[in-house]
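These are the residues of each chain, in order.
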Amino acid sequence: MRALFALWHIKSDTPEKTFTRLIMSDIDFTHPRYKEGEVTFETSIFSVKKIKKWAEKEKIAITLTYEGTLNKLSFLKKRKGLIFGVLFSLFLIYLSTFYVWSVRIEGNETLTDFEIIKLLEECGFHEGINKREVDVNEIQNTALSRCHEISFLSINVHGMVADVVVHERQVAKKENDTTGAYNLVADFDGVIVSSLVLEGKAMFETGNTVLKGELLVSGIIDSVAGDSRLTHAKGKVFARTSRTLTFDVPLSTFEKRYIKEESAVALRVLGKRFGKKLGDESGDYDLVVVEEDLTFLGVTFPCKLERRHALYYNTEKTELDSDKAEKIAYDEYHRYILTELDSATILEEEFHTEEHDGFLRLTALVTAIENIATEKKIEIKKE
């Protein structure tokens, strides 16, 4: 092996004599060369003592030069601290392979990564946990039993990373049942002005006053033969409605006044944080925490860099004048109209404002034409 050879140098003007003496000494050597008054040859490093004794006996000035790999590492002999540090680092890297250093969440839509990680921590699974001491199946079952929003959860640990795959429970959208038997009933008090009955038996006449919950279109239809059948009542019943809406706006609010900010960087190892803490002083603050994986040349290290930014603030009471409060109230009223009465025709609007108990109240009297028919399933009692 080239890592175990030694290179020798002998000053000589007569290389033939030098090589002859080497051959006569019974020394195993290779690659003999002569250049510019110097003889060089190579031997095994295990022959060093033998050659030194021979040179001393023959009174030959000889120089030893290690050229193998072991010679290139010989400088480490004087750097025991460096050797210890490297070996200790390798030991830590080996030891870290038994722990989970990073938890990655996939597949979640409604639930946040933070909520899922918090759930796993409550079940006993977290960054820094020893992989040999955790029952993944038990953690999965416990998490599913505690969070009904999750229908499937799988923890896949590979190396020092745990990939958590989540499938959230799908909530079925409520759709109109087109096969069952339904009546149409009034969803609001009003005076009927027109209607469009597509299926079922109308139980009203134009101009009738109806109350909320009153039957408008029956899903039970009598036949000529004297019996009856069930159907899904369909249609629209438009009525003139009147409603009173109220919107309260506080005349005093509490606002944040930021006074200072601080930032700090810390290291997270095995779920433990090493560095300056922020946001734990007395007073109120907003805290933003960002974690980053430490990588170098595509290799992710078993630790994370945590950046914290804290904004400290005082809470101050702010008075709101009547004009601004009134504008806010009207904005809330218009939002209500757009969301709740978007398909209605507004006939009349009457507004009244007053202040009481630290609030400005907007009262709106609204008259409109709207569809008040809503479906109600026919309950059939079995005897």
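In this text the structure is predicted, and so the values were computed from the model without any measurement. Numbering of residues starts from 1 in every chain and runs along the sequence as written. Where totals are concerned, whole chains, interfaces and linings use all residues; where local detail is concerned, this predicted model gives features only for residues with pLDDT of at least 70, and gives and counts side-chain atom pairs only at 80 or more. With hydrogens and water excluded, all non-hydrogen atoms of the structure serve as input to the side-chain values.

**Student:** When you look at helix α2 (residues 48–58) in this model, what are you seeing that I'm missing?
**Tutor:** Quick reminder: α-helices carry 3.6 residues per turn. Residues three or four places apart thus point the same way. In this scheme, a residue with accessible area under 20% of its type's maximum is buried, one over 50% is exposed, and one in between is partly exposed, where area comes from a 1.4 Å probe on protein chains only. Runs of H or I in DSSP of at least four residues are treated as helices and runs of E of at least two as strands, each being numbered from the N terminus. Buried within α2 we find Val-48, Ile-51, Trp-54 and Ala-55. Along α2, the residues classed as buried sweep out an arc of 130° about the axis, all on the same side. In α2, the exposed residues that point more than 90 degrees away from the buried face are Lys-49, Lys-53, Glu-56 and Lys-57. Backbone geometry just after α2 places Lys-59 at a positive phi near 55°. Our arc is simply the arc of the directions from the helix axis toward the C-beta atoms.

**Student:** Which parts of the structure should I look at to understand the packing of aromatic side chains?
**Tutor:** Where two aromatic rings form a pair, the distance of their centres and the angle of their planes describe that pair. Put simply, two rings from Phe, Tyr or Trp (the six-membered ring, in Trp's case) pair if the centres are within 6.5 Å, and we call them stacked under 30 degrees between planes, edge-to-face over 60, tilted for the rest. The tally for this structure, following the rule as stated, stands at eight aromatic pairs. Judged by centre distance (5.8 Å) and plane angle (75°), the rings of Tyr-258 and Tyr-313 are edge-to-face. Of this pair, Tyr-258 sits in strand β16 (residues 252–269) while Tyr-313 sits in strand β19 (residues 299–319); the two residues are 55 residues apart in sequence, bridging distant segments of the chain. Looking at Tyr-313, the relative accessible area reads 13%, which means it is buried.

**Student:** Sorry if this is basic, but what is going on with the pattern of salt bridges here?
**Tutor:** Any two side chains of opposite charge can pair, given that their charged atoms come close. Definition used for salt bridges: Asp or Glu carboxyl oxygen within 4 Å of a side-chain nitrogen of Lys or Arg. On inspection of all chains with the given rule, the structure shows 12 salt bridges. A salt bridge links Arg-104 to Asp-163; the shortest N-O distance between them is 2.7 Å. Of the two residues, Arg-104 is situated in strand β5 (residues 102–106) and Asp-163 in strand β7 (residues 161–168); the sequence distance between them amounts to 59 residues. Taking the relative accessible area as the measure of exposure, Arg-104 reaches 40% and is therefore partly exposed. Between Arg-361 and Asp-248 there is a salt bridge; the shortest N-O distance is 2.8 Å. Taken together, the positions of Arg-361 in strand β21 (residues 359–371) and Asp-248 in strand β15 (residues 234–250) put the pair 113 residues apart, joining distant regions of the chain. Each of Glu-255, Arg-257 and Glu-316 takes part in a single network of salt bridges with overlapping partners.

Geometry only, nothing functional implied.
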